[in-house]
Each structure stands twice: as C-alpha cells, then as structure tokens.
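Structural overview
What follows is the residue order along each chain.
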Amino acid sequence: MEIITTVAEMRRWGKEKVLKRREIGLVPTMGYLHEGHLTLVESAKKENHEVVMSIFVNPLQFGPQEDYSTYPRDLDRDSRLAEKAGVDVIFAPSVEEMYPSYPQLTTVQVSELTEGLCGASRPGHFTGVATVVCKLLNIVRPERAYFGQKDYQQVQVVKRMVEDLNIPVEIRTVPIKREADGLAMSSRNTYLSAQERKDALCLYESLKACRDLYEKGERESARLKEAMRKVIMSRPAAVIDYIEICDAVTLKPVTQVKGPAVAALAVKIGRTRLIDNMIFGG
C-alpha cells in the first residue's frame, strides 16, 4: 500500500491508472478508522480495480466551538487497518496542501438540503463537506465514491452536488455498520465514558421504537417522534439536538409518512454529539 500526501502526486497516480483502464473507487474519511469505514472499503473493492482512501480532518466542516483540535488522529494505526482491508493508496494531505490559501475564497454550497437537521445546528458544516468532497473528486477522479448511510444528510448533499455540477462519478451509499448492541459505529464513540456508552444506546433504541410503531400502522410523524423522544429522555445524560422525520430524498419534514422517509436524530451524550437514522416507509 502506498501513502500519498500531495495533490500533484495523487493526480499523477490517478492518471497512470486511467491510462491502464483501471477503475478507481474513493473512500473519503477523516481517519481514526473503525469497522464502518472498512465496510466502505469492502464495497469499493467489489466494484473497482483500485481503492483510494482519503484521510483528512477537514477544518472547513467544523464550527468554532466544535472538536476539530481534539478529533482523534492516528495515521499509523489507520494505515495498518487500511492495508489489511485491501486499500491500495491512502491520500493523506496536510491542511496546507488541501487549502494553500486558507481560508480559500471558493466554496461549494448546496441549498435546501442543508437547511434542516444537522445543517440547522451546524451552520456552514455542509459547505465545508461539499467543498472538500468536490476537491477530492477532482483530485482523485474516481469512477465511484463510497459514503456511509449514518451520515444520511451528507450523502444526499453529495449526490445533489454531483448531479448539479455534472461531476462524472457514481455515489454509493453503504448501510450503517453497528456494534453488536446496535450503536452506530463512529470515531466519536471513543469520547464516551463507560456509562455514556450505555446511555448512547438510546439513539438506536428510539429508532427501533419509531419503526415498531410505524409497523403497527402509525403514520403521524408527531406520534412517531414522541415515541423516540420518550426513549431518549429516559437516559439522564442525553440531550436532544433534533428528532425529525423527513422525506427520504428532499429531507423536508413530513407530517405523515406516505412514502420513503428517514427518521433522523442528533443527541448529545455528555459532551459528545452523536447522530443516527433509519429509513422506512418505502
């Protein structure tokens, strides 16, 4: 496995593969890998000749009071895991390499899809996401890029950006990878204490409560959300950021579930903000 740290070198590598008619799959990450990331690699390996994993903690998508400086970083550890999973190249640029003139004057903004959910509580976050993903796609030039369903809003934003800007790449969504007890895998889970880790199970438990109520015939979003809220508020450490049921494509809140929908939530457990979601209704 090769580790590349400059844009110029990454582009040279990509051009060589294109000339050899080798298809490239990109797995964008911020590192501190877990099994969820590795399932993205597994999917990419099935559909491509080469797999590139980017590891870059993107400052543009963090707000001033968020955890950019403390976000877990360990490239040596990540390299071992990535190589074992079958990654061909890690692209691990510095902030200076990705943003020579930081903050840069040009950004990518996707409207409407970014107004609610995490976009409402993290202003500017999805502009940072769209900008860095656009840059990565232009640098690596993959045929396909792989994202996890856990970041559902992010996936929808990236899909719309690719469609609107005519970027020649297929965006693949990979199902959420969960721990045995249901907690969605996340690099931020490392922040949780033992008790907070137990309390964090309320996210998945609330989604299951929503699904169970839906399967019994409930279609009113208010009642579905209330069932979720009760589960979460049973844990003293939990503070709700949002609970929402949205159209699965537009991400607009719905009052009744009449088609494919996503139940999405963000909850702070202690000082750690976690997100999760579940798709149903279609």
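Above this text sits the structure in question.
Structure report, in brief. (Residues numbered from 1 in each chain as written. Predicted model: local features only at pLDDT ≥ 70, side-chain atom pairs only at ≥ 80, totals over all residues. Heavy atoms only, no water.)

1. A word on the overall build of the chain
Helices and strands together make up the secondary structure of the chain, namely ten helices and nine strands. Its C-alpha atoms give the chain a radius of gyration of 19 Å, near enough to 19 Å, the size a compact globule of 282 residues would have. Seen through its C-alpha atoms, the chain measures out along the principal axes to roughly 55 × 40 × 40 Å. For the chain, the proportion of its 282 residues judged to be buried stands at 51%. Taking the contacts inside the chain whose residues are at least 6 apart along the sequence as the reference set, 71% of them involve residues at least 24 apart. Just so you have it, the chain exposes about 13,900 Å², and 48% of that area is on carbon and sulfur atoms. Looking at the chain, you have 40 positive and 38 negative side-chain charges, and the mean spots of the two groups are 2 Å apart. (Helix = DSSP H or I, 4+ residues; strand = E, 2+ residues; numbered from the N terminus. Rg over C-alpha atoms; globule rule 2.2 N^0.38 Å. Buried < 20%, exposed > 50% of the residue type's maximum accessible area, 1.4 Å probe, protein only. Contact = heavy atoms within 4.5 Å. Areas by Shrake-Rupley, 256 points an atom, 1.4 Å probe, with all protein chains shown as cover. Lys, Arg positive; Asp, Glu negative; His and termini not counted. Charge placed at Lys NZ, Arg CZ, Asp CG, Glu CD.)

2. Overview of the pairing of strand β2 (residues 24-29)
For a regular strand, side chains alternate in direction, first toward one face of the sheet and then toward the other. Most of β2 sits inside the fold, with six of its six residues counted as buried. Covered by surrounding structure in β2 are Ile24, Leu26 and Pro28 together with Gly25, Val27 and Thr29, the residues of both alternating faces. The pairing of β2 with strand β3 (residues 50-55) spans six bridges and is parallel. Considered in β3, the bridge of Gly25 is made with Val51. The parallel pair β2 and β3, bridged by helix α2 (residues 35-47), forms a crossover whose chirality is right-handed. (Pairing = 2+ DSSP bridges. Right-handed = clockwise from strand over helix to strand, strands pointing away.)

3. Focus: the sheet that holds β2
A sheet is described by the order of its strands in space; here six strands give the open sequence β1-β4-β3-β2-β5-β6, paired in parallel fashion. Lying at the two open borders of the sheet, with one neighbouring strand each, are β1 (2-4) and β6 (170-174). The average undirected angle you get between the axes of adjacent strands in this sheet is 25°. Each of β1, β3 and β4 (89-91) is contacted by helix α3 (residues 75-85), which is oriented at about 150° to β4, the strand it contacts most. (Axes fitted to C-alpha atoms, helices over the stretch in contact; angles between N-to-C directions.)

4. Description of the pattern of salt bridges
Taken as a whole, this structure holds 21 salt bridges when the rule is applied. Arg211 is the salt-bridge partner of Asp212, the closest N and O atoms lying 3.7 Å from each other. On the accessibility criterion, Asp212 (35% relative accessible area) is partly exposed. Between Arg229 and Glu226 there is a salt bridge, with the nearest N and O atoms lying 2.9 Å from each other. Residue Arg229 and its partner Glu226 are both found in helix α10 (residues 221-233); the two are separated by three residues, about one turn of the helix. You can call Arg229 partly exposed: its relative accessible area is 37%. When salt bridges with common partners are traced through the structure, they connect Glu23, Glu47, Arg144, Glu170 and Arg172 into a single cluster. (Salt bridge = Lys/Arg side-chain N within 4 Å of Asp/Glu carboxyl O.)

Coordinates in, geometry out; function isn't part of it.
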